[in-house]
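Below are the chains, spelled out letter by letter.
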Amino acid sequence: MWDVVVVGGGNAALCSALMAREAGASVLILEASPKEWRGGNSQHTRNLRCMHDAPQDVLVDAYPEEEYWQDLLKVTGGITNEKLARMVIRESSTCRPWMEKHGVRFQPSLSGTLHVARTNAFFMGGGKALVNAYYRSAENLGIDILYDSPVDDLEIKDGTFIAARVGDKRYEGHAVVLGCGGFESDRAWLREAWGQNERGEWPADNFLIRGTRYNMGVVLKVMMREGADTMGDPTQAHCVAIDARSPLYDGGICTRIDCVSLGIVVNREAKRFYDEGEDFWPKRYALWGRLVAMQPGQIAYSIIDAKSVGRFMPPVFDGVKADTLPELARKLELDVDTFMETVNSFNAACRVGTFDHTIQDDCHTEGITPEKTHWARPIDTGPFYGYAVRPGVTFTYFGLTTDEKASVFFNGKASPNMFAAGEINAGNVLGKGYTAGVGMSIGTAFGRIAGTQAALAAKKMKEGAVKHAAA
Ligand SMILES: Cc1cc2nc3c(=O)[nH]c(=O)nc-3n(C[C@H](O)[C@H](O)[C@H](O)COP(=O)(O)OP(=O)(O)OC[C@H]3O[C@@H](n4cnc5c(N)ncnc54)[C@H](O)[C@@H]3O)c2cc1C
């Protein structure tokens, strides 16, 4: 029997495990994946978004609480819990020294189209190095770790955790932290959530999963069966437009197509469908997967000309290249006449001022729908490039209702010893939308809190059991 059982082995779970151990608890981590795939989606990450009032190590200028909050408010359209969101924001300003203590190293932001030198601290060696550092620290602190251990059931009585089950094995704990991700890897659940559209298509059948194959939402389903309070819309997710040639799972960040705001995006019918220059790419990139999911065949084409080459992070696979626009349309199997009509009317609508991709510049369109509000320049300089993109699901937002202590709720009542952190409760802060780096801020903040609270709860449960036995 352990004080704290942690289900999952990504960032949120590891933060919980380390904090619980530091608080004196004995800790067991149950990770679904084999050792070589440990770390869930966290292994694919690069940075976390941090509040700071003045320049701090790798972060330039300032990114005050209010600005962070306004950014979150804007992307979520207000579907966020302000109290929890502000708590995450404040935690993001103080967690880095603790992360460094456990071996995580930071570096200044990389160049590219994510304008994040001010707001985001990058992990040296990426998420894989972060996860490895946390596992090393966990081993050094004497945390027990079991790989290949997908929890398939939980024993819960009156909202109190008793044990986690992996097949016929049973792991008892005085408290539990559920840090086992969303349900994005379960394609059947995604299919059910998205349903069939007006064209008779099942959009989710054309989705790709950017991260781990192990976030199957099994524990979330168990919690639903047990009557835990849930929140969020199962179709809402962090969903990015990624290269249509990406693998089904674990394509990671190199499959992202980051030139959307520099050109135009057309659907299978060769028509534009959204303002490509609405806002800075870090605040918009996670919208585009959903936008593509709404298009016929769940496919779209990001089109740029030679002027944009070198201004964005190059994708891992080359784009389709052509010397003329009609040739590009033919190569992408788009209707040439419609494509040319789309490009020509876009080009004619461009009002080019002073192009500057580092600010919301004055290059915009007039008289077309949808408009392009920034970085609008005619697509007129060959060679031309096109990238076919599909929706790439990063993580789902539907999950467990929690409070500022990361407690799980049953019928509005907080469980005395069950806590949740990471993707599984991210929807409390992220009802929809996304701003780069906030996933790791949420997981780190709630993970650390959940670990501390679980250690405290375990102590109370043990004291309660001793009193009960003595009575
Ligand atoms: C390609 C990519 C890039 C990203 N980049 C960034 C970034 O730069 N910054 C950022 O903030 N966010 C980023 N994200 C999002 C980020 O990964 C998540 O917000 C964050 O990692 C969530 O942490 P987590 O611990 O909740 O989930 P995960 O890291 O996915 O961990 C969940 C863990 O639970 C395990 N698990 C699942 N089911 C079970 C079960 N039944 N039993 C036992 N274990 C189970 C999994 O194996 C996994 O180890 C990115 C995601 C992807 C896919």
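Rules behind the numbers
Residues numbered from 1 in each chain as written. Predicted model: local features only at pLDDT ≥ 70, side-chain atom pairs only at ≥ 80, totals over all residues. Helix = DSSP H or I, 4+ residues; strand = E, 2+ residues; numbered from the N terminus. Rg over C-alpha atoms; globule rule 2.2 N^0.38 Å. Buried ≥ 20, exposed ≤ 12 C-beta atoms within 10 Å, placed from the backbone. Near = placed C-beta within 6 Å. Nonpolar A, V, L, I, M, F, W, Y, C, P; charged D, E, K, R; others polar. Arc of directions from axis to C-beta. Domains from an automatic or database assignment. Pairing = 2+ DSSP bridges. Contact = placed C-beta atoms within 7 Å. Expected span 1.5 Å × (residues − 1).

Asks: Sorry if this is basic, but what is going on with the overall build of the protein chain here?
Replies: When you go through the protein chain residue by residue, the secondary structure sums to 13 helices and 21 strands. Taken against the 2.2 N^0.38 rule, which gives 23 Å for 471 residues, the C-alpha radius of gyration of the protein chain at 23 Å falls within 12% of a compact globule. For the C-alpha atoms alone, the extent of the protein chain along its principal axes is close to 85 × 50 × 40 Å. A total of 471 residues make up the protein chain; the buried ones form 53% of that total.

Asks: I'm lost on the site of the ligand in this one. Help?
Replies: Taken together, 44 residues lie around the ligand, and Gly 10, Gly 40, Gly 211, Gly 422 and Gly 439 are the ones closest in. Of all the secondary-structure elements, those providing two or more residues to the shell around the ligand are α1 (11-22), β3 (47-49), α7 (218-225), β18 (384-396) and α13 (438-470). Taken together, the residues that form the shell around the ligand break down as 17 nonpolar, 23 polar and 4 charged.

Asks: How should helix α3 (residues 82-91) be read in this particular structure?
Replies: Residues three or four positions apart in an α-helix share a direction because the helix packs 3.6 residues into each turn. Listed in full, the buried residues belonging to α3 are Ala 85, Val 88 and Ile 89. Looking straight down α3, one finds its buried side chains confined to an arc of 100°; they lie on one side.

Asks: Is there a simple way to explain the domain arrangement of the protein chain in this structure?
Replies: Bring the parts together and some accessible area is lost; that lost area is often taken as the interface size. Considered domain by domain, the protein chain is made up of domain 1 (2-182 + 217-234 + 397-470) and domain 2 (237-392). On a C-alpha basis, the centres of domain 1 and domain 2 stand 35 Å from each other. The residue inventory of the side of domain 1 that touches domain 2, partitioned by class, reads 6 nonpolar, 7 polar and 2 charged.

Asks: I keep staring at unusual backbone geometry and nothing clicks. Help me out?
Replies: Glycine aside, a negative phi is what most residues show, and trans is what most peptide bonds show. A cis amide bond links Thr 369 with the next residue in sequence, Pro 370, at an omega value of -10°. With respect to the secondary-structure elements, Pro 370 resides in the loop between β17 (364-365) and β18. Located in the positive-phi region is Asp 61, a residue other than glycine, with phi close to 55°. Examined against the element boundaries, Asp 61 turns out to sit in the loop between β3 and α2 (65-76).

Asks: Where do I start with the pairing of strand β13 (residues 264-267) in this structure?
Replies: On a regular strand, one side chain projects to one face of the sheet and the next to the other, so that they alternate. What you see with β13 is no split at all: Ile 264 and Val 266 on one side and Val 265 and Asn 267 on the other are buried throughout. Of the strand pairs in this sheet, β13 and strand β14 (residues 300-304) are connected by 4 bridges, and their pairing is antiparallel. Directly across from Ile 264, in β14, lies its bridge partner Ile 303.

Asks: For this particular structure, what's the right way to read the environment of Ser 185?
Replies: Here Ser 185 is to be found in the loop between β9 (169-178) and α6 (187-194). C-beta crowding within 10 Å serves as the criterion here: with 25 such atoms nearby, Ser 185 is assigned to the buried category. When the C-alpha atoms of Ser 185 and Ser 33 are compared, they prove to be 13 Å apart, with 152 residues separating the residues in sequence. The residues touching Ser 185, leaving out its near neighbours within four places in the chain, are Ile 209, Thr 212, Arg 213, Tyr 214, Asn 215, Met 216 and Tyr 249.

Asks: I'm lost on helix α5 (residues 126-140) in this one. Help?
Replies: Taking 1.5 Å of rise per residue, the 15 residues of α5 would be expected to cover 21 Å, and the 22 Å separating its terminal C-alpha atoms lies within 8% of that figure. Buried within α5 we find Gly 127, Leu 130, Val 131, Ala 133, Tyr 134, Tyr 135 and Ala 138. Those residues of α5 that are buried are in contact with α1, β2 (27-30), β5 (120-123) and β6 (144-146). Just past α5, the residue Gly 142 takes up positive phi, approximately 85°.

Asks: I would appreciate a short explanation of the sheet that holds β3 in the present structure.
Replies: Within a sheet, adjacent strands bond to each other through the backbone by hydrogen bonds, running parallel or antiparallel. Read across the open sheet, the 3 strands follow the order β3-β5-β4; overall the sheet is antiparallel. The sheet terminates laterally at β3 and β4 (106-107), the two strands that pair on one side only. Across 3 bridges, β3 lies against β5 in antiparallel orientation. When the sheet's bridge partners are listed, Leu 48 is paired in β5 with Ala 121.

Asks: Looking at this structure, I do not really get the environment of Ser 92. What am I missing?
Replies: Inspection of the secondary structure assignment puts Ser 92 in the loop between α3 and α4 (96-101). Sequence spacing of Ser 92 and Cys 50 is 42 residues, and the spatial spacing of their C-alpha atoms is 4.9 Å. When near neighbours in sequence (up to four residues on either side) are disregarded, Ser 92 contacts Leu 48, Arg 49, Cys 50, Met 51, Ser 441 and Ala 445.

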